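Tertiary structure, described
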Amino acid sequence: MQEVTATSRHYVDRLFDPDPQKVLQGVIDMKNAVIGNNKQKANLIVLGAVPRLLYLLQQSSSGLDLRTECAVVLGSLAMGTENNIKSLVDCHIIPALLQGLLSPELIFIEACLRCLRTVFISPVTPVQLLYTDPTVIPHLMSLLSSSQKTQEYITQIFSLNAHTHKNTHDDAPLLCVQTSDHQTVLFNHSAVQHIAPLLISPSYKVRMQALKCFSVLAYENTQVSMTLVNVLVDGEPLSQVFVRMMQRDQPVEMQLTAAKCLTFMCRAGAIQTEESCIVLKTLPCLVRMCSKDHLLEERVDGAETLAYLIEPDVELQRIASTTDHLVAMLADYFKYPSSVSAITDIKRLDHDLKHAHELRQAAFKLYASLGSNDEDIRKKITDTENMMDRIVSGLSESSIKVRLAAVRCLHSLSRSVQQLRTSFHDHAVWKPLMKLLQNAPDDVLIMASSTLCNLLLEFSPSKEPILESGVIELLCSLTQSDSPALRINGIWALMNMAFQADQKVKVEIVGCLGTEQLFRLLSDPDNSVLMKTLGLLRNLLSTRPHIDQIMSSHGKQIMQAVTLILEAEQSIEVKEQTLCILANIADGNTAKDLIMTNDDMLQKIKYYMSHSSVKLQLAATFCISNLIWNEEDGSQERQDKLRELGFVDVLHKLSQASDPNLSDRAKTAMQQYLA
Amino acid sequence: HSAGLHYPGASVPAYSTFCCLSGDEQDLNERLKRLYPAVNEEETPLPRSWSPKDKYSYIGLSQNNLRVHYKGHGKNHKDAASVRATHPIPAACGIYYFEVKIVSKGRDGYMGIGLSAQGVNMNRLPGWDKHSYGYHGDDGHSFCSSGTGHPYGPTFTTGDVIGCCVNLINNTCFYTKNGISLELSNLRLPNLYPTVGLQTPGEIVDANFGQQPFVFDIEDYMSEWRAKIHGMIARFPIGDRLGEWQAVLQNMVSSYLVHHGYCATATSFARATQTMIQEDQTSIKNRQRIQKLVLAGRVGEAIEATQQLYPGLLERNPNLLFVLKCRQFVEMVNGTDSEVRCLAIRSPKSQDSYPGSPNLSPRHGASNPHLHTGGTESPTCSNGVTPLKSKNRSSIKYPSASSSASSSTSSSPSSINYSESNSSDSTKSQPRSANSTQETSDSEMEIEAEHYSNGVVDGSSARIMNGTYKHEEILQPDDNSVDEECSNGRQLCGGNQAATERMIQFGRELQALNEQLCREYGKNAAHKKMLQDAFSLLAYSDPWNCPVGQQLDPTQRESLCSALNSAILESQNLPKHPPLMLALGQATACVQLMARVRSGSCSFARVDNFLH
């Protein structure tokens with residue numbers, strides 16, 4: 001080690017020679033010494049070569065040759081380990097190189113750009129460094145016309161600079177996601193106009209990097225995507241250029257990236273999903289990428305991009321599901337590492353293992369997209385060999401990405417009544433799902449609880465065993481989450497659970513949730529949470545004995561909540577739901593009194609019977625109808641009281657309402673008086 | 001000198017010569033030619049319509065046999081009916097595709113689209129029986145030679161376009177619906193016909209065999225396979241022979257240059273690559289000179305020179321001699337042969353100053369210092385390869401010819417009928433060169449320069465099969481005197497009376513020669529035809545614009561020139577054809593053989609894809 005350091009020190013020492021010619025020779029020798037030698041690179045960095053090289057690079061007194069060679073050596077050092085990059089960045093290499101770009105000498109500029117490119121490719125380099133100085137991007141744009149090399153390096157910097165964001169966005173099938181700020185900066189500096197002509201560059205590398213730029217710029221960016229649609233390259237619309245790049249005799253990388261560009265433009269709304277460049281070109285191209293003929297990375301990328309493309313459009317889902325037998329093709333994604341590779345080829349096994357998780361999660365994602373709307377496709381998916389078993393084991397995989405994708409897939413399939421009744425029950429998917437719900441990160445939790453909502457629907461045979469597994473406490477805790485999505489899923493699941501449930505379950509729900517939390521949810525800022533909470537109340541207050549039982553213990557608070565909502569500024573839907581709860585209360589035996597003794601509440605009901613919204617009139621009338629129903633104890637007294645309060649007149653008026661439902665309901669109520 | 005090559009493609013299908021094609025038919029022909037360039041429609045015609053003969057009686061055809069409708073009862077599956085296309089799918093397609101549009105699904109929409117072999121029962125839907133395949137509209141199932149189908153794709157109905165693609169490279173097949181490809185399935189049958197079957201009243205479908213652009217992008221699919229196969233060829237392992245490779249290539253180039261007499265180029269190539277030339281320089285130059293004479297239309301001089309330099313050669317090849325003389329007669333009509341030229345043109349000197357390459361030896365054999373009468377034959381090697389030139393042999397001694405007249409009378413019983421194939425070549429090539437050389441009227445020089453500068457090698461597929469080829473000499477750019485002859489208006493024998501008389505006399509001699517040959521070797525139909533054609537020229541007032549005027553075209557000299565060159569080389573025990581051309585011929589023949597043995601990749605492995 002000492003010896004090595006000694007020779008390395010010699011290289012560094014020569015950088016300080018007073019004779020500039022000797023310094024140049026020293027740098028050249030250093031260049032030759034570090035190529036492909038990570039140890040040597042690390043040594044030189046430790047010995048402080050970087051600041052000296054940067055100094056020489058920045059001195060205008062250094063000759064062009066020397067400055068260029070310095071940039072080359074620094075670029076070589078950057079090719080080493082991540083630690084090397086960190087050291088270089090710490091030495092402020094980026095500002096120095098950016099400064100170098102202002103030189104009039106193209107050869108020096110190219111060396112600086114090459115080094116910058118290498119530094120920025122690394123995930124350890126903060127992308128932000130490119131954007132801190134507002135003059136940098138416009139200058140890079142102006143350099144795009146200088147040479148093929150500057151084109152290649154600059155487009156690569158633009159397209160790769162957000163590598164670190166990889167896969168943080170769960171919907172993103174992307175290699176790199178640029179923050180929309182950076183997209184905007186590039187866009188505002190006419191990136192589209194500058195880079196578009198490079199798509200027909202004679203250099204493949206330039207074409208490819210320019211294409212990558214567009215895929216990064218267009219991702220989830222409507223402004224960029226809309227602009228791209230109208231761009232012409234040599235008289236040809238950009239989308240047609242992309243279509244040409246997707247031709248089957250083009251390199252796969254180019255086909256795939258062009259397909260991404262069109263996918264992003266489509267998702268951003270710039271291209272209609274039914275256009276032939278999507279249906280007949282992009283979609284088949286992405287399906288093709290999923291086939292066995294391609295590299296594992298390409299298959300992952302293809303499946304993820306396809307999942308993203310078809311996610312919102314049922315027609316594309318239908319087409320994709322029939323193209324090249326995609327559903328069956330995807331089953332192959334689960335066969336890695338294959339049993340053959342394990343024995344015969346260690347290198348292959350390693351490769352397979354590395355990609356196995358990625359393949360599985362990509363397949364799950366694509367299955368999720370394919371099955372999100374169409375019942376036939378869902379059936380096709382669940383009929384695929386061992387599909388349900390694969391999902392079940394996917395739910396408990398160590399990789400969080402696979403777990404998330406598996407639960408997404410399960411969620412998509414759980415929208416099918418038929419699947420809930422059959423395959424979901426047969427494979428007891430609720431078990432791993434329940435396990436997944438324990439201590440999972442929020443994104444997994446959202447998907448899992450959403451799936452659970454469907455599994456708790458009354459016709460789902462899984463509902464019983466889930467109830468027995470003590471899920472109520474978990475769901476109640478979800479309603480206290482900071483995430484609105486989790487609160488909704490929690491209360492939604494409880495609502496589904498309470499539908500036509502046993503007394504015992506209802507009591508358990510109310511007991512576990514607590515009236516305090518119930519009231520908190522009734523004032524939730526998220527309207528859907530409020531709606532689902534009212535729905536839960538409605539489901540709890542079904543069948544007479546349950547109504548009386550719950551109202552006897554929580555009547556006061558519930559009536560308070562109802563009053564509050566009816567008095568507050570709320571949407572029609574919320575008020576309708578509340579009046580329905582009131583109607584349910586009015587259906588109880590003892591619970592009726594809670595309304596009858598509350599004149600204020602009766603006035604409110606009367607008010608809503610004359611409301612401009614028919615929905616509210618109907619719900620309020622329902623309530624009164626329940627109160628005056630003949631066959632029950634004390635009906636005479638109630639009828640008399642309500643007549644005194646003028647309800648008969650109101651009913652009479654309503655019996656002549658133009659809405660047939662409303663008039664029928666009012667007439668039925670009137671008949672109670674006649675009997 | 002450009003030694004560039006251009007190799008001929010497949011022969012042009014016969015239909016392209018039809019004079020009056022409708023626009024649609026032309027579109028179809030063009031599209032089919034672009035899709036299936038390797039298919040030789042003379043051997044294996046492409047399907048263009050449904051066959052009115054090969055169908056069940058419940059099938060009705062209309063609209064040029066492209067529309068199919070059902071006219072049976074359609075009560076049950078026993079009323080199913082199918083129709084096949086006129087021809088099976090040629091293997092040379094590599095990838096074949098056709099589409100069917102459902103015009104009406106009729107009562108129940110039981111349409112089946114697919115393939116079947118000849119002889120499969122037509123009272124059935126495609127796929128139900130052995131040797132047939134089909135994709136059915138009512139249930140979206142695929143039937144592979146079985147009465148029970150399996151779930152395959154979506155159902156299809158009125159307005160849908162269903163396609164069927166046959167990949168003869170990997171023996172697979174897939175269907176498409178509205179331009180989207182469905183699942184791939186295996187296919188293990190040769191000679192399948194596009195087939196469609198219907199089963200209920202009202203069902204109508206239209207076929208598209210290339211009449212219209214396809215909905216599915218079949219050309220894109222083909223481009224993938226073309227790239228695959230080209231990649232396979234490019235990556236074909238050479239292995240241990242890597243070292244030999246260079247030597248083989250150098251030898252190929254060198255022998256090609258030598259064969260055609262590109263003396264200076266060959267010499268500098270040999271110097272640069274440090275290789276040896278297998279033939280003596282003088283010999284190369286002699287051949288070059290003779291070739292130039294033939295190409296310039298001075299066949300008489302060429303015969304003379306051959307007889308001087310290679311005595312006995314023409315005597316041993318009476319057929320070649322006859323063909324040469326026939327050509328000489330034609331050139332007399334043309335006014336280019338020296339026998340009439342010296343009469344027609346005032347200055348007889350011009351013919352003597354043949355401006356060949358500077359180091360070309362003087363023309364007349366008698367005064368040629370390099371030729372010594374009575375010299376020994378050059379030593380030959382039994383394998384047809386001349387031994388390497390030894391240092392002390394600066395010139396080869398050839399026996400000089402005694403007289404030019406003797407050749408017409410002498411004969412050798414042992415001579416083989418060599419020129420037979422050659423003469424048929426020259427007639428065959430006539431229609432082909434028509435397009436490129438029709439406009440030769442005023443400046444032959446220009447046309448020849450254009451023609452030769454590419455070093456174009458022309459030949460029909462049949463000739464390539466035999467490993468022969470057609471050669472064209474590159475004329476020296478300063479070769480004016482030879483080429484001026486036509487510029488002053490074209491007249492029979494240059495418009496000279498004496499020349500015309502000489503021509504007529506020569507014609508009689510030629511006639512006599514033919515009769516003599518007939519007596520000795522029996523009748524020769526090719527000779528007879530050749531003679532007839534040549535003499536026919538005299539029947540027209542403007543021979544250049546007459547039905548047999550094609551003979552006068554200078555390009556007609558090329559095949560003869562190469563035949564003579566080959567004969568000379570053979571007589572020197574040198575290869576008749578350069579290895580480069582043999583290799584090309586071999587490769588081309590291989591690809592054609594692939595088509596015949598139904599190896600589909602031949603369509604994307606075409607030799608001309610690699611020649612630029």
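As the structure is a computational prediction, the values presented were derived from the model and not from experiment.

What counts and what doesn't
Residues numbered from 1 in each chain as written. Chains lettered and ligands numbered in written order. Predicted model: local features only at pLDDT ≥ 70, side-chain atom pairs only at ≥ 80, totals over all residues. Heavy atoms only, no water. Helix = DSSP H or I, 4+ residues; strand = E, 2+ residues; numbered from the N terminus. Rg over C-alpha atoms; globule rule 2.2 N^0.38 Å. Buried < 20%, exposed > 50% of the residue type's maximum accessible area, 1.4 Å probe, protein only. Contact = heavy atoms within 4.5 Å. Lys, Arg positive; Asp, Glu negative; His and termini not counted. Charge placed at Lys NZ, Arg CZ, Asp CG, Glu CD. Buried area = accessible area lost by both parts, 1.4 Å probe. Salt bridge = Lys/Arg side-chain N within 4 Å of Asp/Glu carboxyl O. Polar contact = N/O pair within 3.5 Å; in protein donor to acceptor, adjacent residues only side chain to side chain. Nonpolar A, V, L, I, M, F, W, Y, C, P; charged D, E, K, R; others polar. Core = buried A, V, L, I, M, F, W, Y, C linked by side-chain atoms within 4.5 Å. Patch = residues over 30% accessible without salt bridge, like charges linked within 9 Å, V, L, I, M, F, W, Y side chains within 5 Å. Areas by Shrake-Rupley, 256 points an atom, 1.4 Å probe, with all protein chains shown as cover. UniProt positions renumbered as here; feature names shortened; annotations may be inferred. Pairing = 2+ DSSP bridges. Arc of directions from axis to C-beta.

**A few points about the overall build of chain A**
- A count of helices and strands for chain A gives 43 helices and two strands.
- For 675 residues, the compact-globule estimate of 2.2 N^0.38 gives 26 Å, and the C-alpha radius of gyration of chain A, at 34 Å, exceeds that figure by more than 25%.
- Along the first, second and third principal axes, the C-alpha atoms of chain A reach 115 × 60 × 55 Å.
- In chain A, buried positions account for 56% of the 675 residues.
- Considering only residue pairs separated by 6 or more positions, chain A has 68% of its internal contacts joining residues 24 or more positions apart.
- Positive and negative side-chain charges in chain A, numbering 62 and 75 respectively, have mean positions lying 4 Å apart.

**A closer look at the interface of chain A and chain B**
- Counting residues at the interface gives 14 residues for chain A, matched by 17 residues for chain B.
- Summed over both partners, the interface of chain A with chain B comes to about 1,200 Å²; 51% of that surface belongs to carbon and sulfur atoms.
- Between the two partners, chain A and chain B, sit three salt bridges.
- Across the salt bridge formed by A:Arg248 and B:Asp220, the nearest N and O atoms sit 3.8 Å from each other.
- Scanning the region where chain A abuts chain B turns up five residue pairs in polar contact (both at pLDDT 80 or more).
- When residues of the side of chain A that touches chain B are traced back to their parent elements, those giving at least two are α17 (276-289) and α19 (314-322) of chain A.
- Here the side of chain A that touches chain B takes five residues from α17(A), the largest share from any one element.
- Across the side of chain A that touches chain B, the residue classes tally to four nonpolar, four polar and six charged.

**With respect to the nonpolar core**
- In terms of nonpolar packing, the biggest core is built from 236 residues, with A:Phe242, A:Leu370, A:Leu582, A:Ile595 and A:Ile605 touching the most fellow members.
- Here A:Leu582 is in contact with A:Met559, A:Val562, A:Leu566, A:Ile595, A:Met601, A:Ile605 and A:Cys623, once residues within four sequence places are set aside.
- If you look at the next biggest cluster of nonpolar residues, it comprises 77 residues, including B:Val68, B:Ile102, B:Val205 and B:Ile277.

**Some thoughts on a negative patch on the surface**
Residues and elements named next belong to chain B.
- Residues Asp24, Glu25, Asp27 and Glu30 make up a contiguous surface patch of negative charge.
- Position of Glu30 among the secondary structure elements: in helix α1 (residues 23-35).
- Exposure remark for Glu30: the relative accessible area of 51% places this residue in the exposed category.

**Topic: the UniProt feature "repeat: ARM" (unreviewed entry) in chain A**
All names here are of chain A.
- According to UniProt, the "repeat: ARM" (unreviewed entry) feature falls on residues 48-84 and 513-555.
- The span residues 48-84 shows a helical share of 76% and a strand share of 0%, and its end C-alpha atoms are spaced 12 Å apart.
- When the span residues 513-555 is considered, its composition is 81% helix and 0% strand, and the gap between its end C-alpha atoms is 16 Å.

**Brief notes about the sheet that holds strand β1 (residues 50-55) of chain B**
Residues and elements named next belong to chain B.
- Spatial ordering of the open sheet is given by β1-β4-β13-β6-β7-β8-β9, a layout of seven strands whose pairing is antiparallel. Looking at which strands have only one partner, the edges of the open sheet turn out to be β1 and β9 (150-151).
- Examined bridge by bridge, strand β6 (residues 112-117) and strand β13 (residues 192-198) share six bridges and lie antiparallel to one another. Counted as the bridge partner of Ile113 is Val196 from β13.

**Details of a nonpolar patch on the surface**
- Taken together, the side chains of B:Met232, B:Ile233 and B:Phe610 present a nonpolar region at the surface, about 290 Å² in accessible area.
- Tracing the backbone shows B:Ile233 in helix α2 (residues 218-234).

**Quick word on helix α11 (residues 180-188) of chain A**
Residue and element names in this part refer to chain A.
- When α11 is considered as a whole, its buried residues turn out to be His182, Gln183, Leu186 and Phe187. Viewed along the axis of α11, the buried residues span an arc of 135 degrees, placing them on a single side of the element. The exposed residues of α11 that point more than 90 degrees off its buried face are Asp181 and Asn188.
- A positive phi of about 60 degrees marks Ser190, the residue just after α11.

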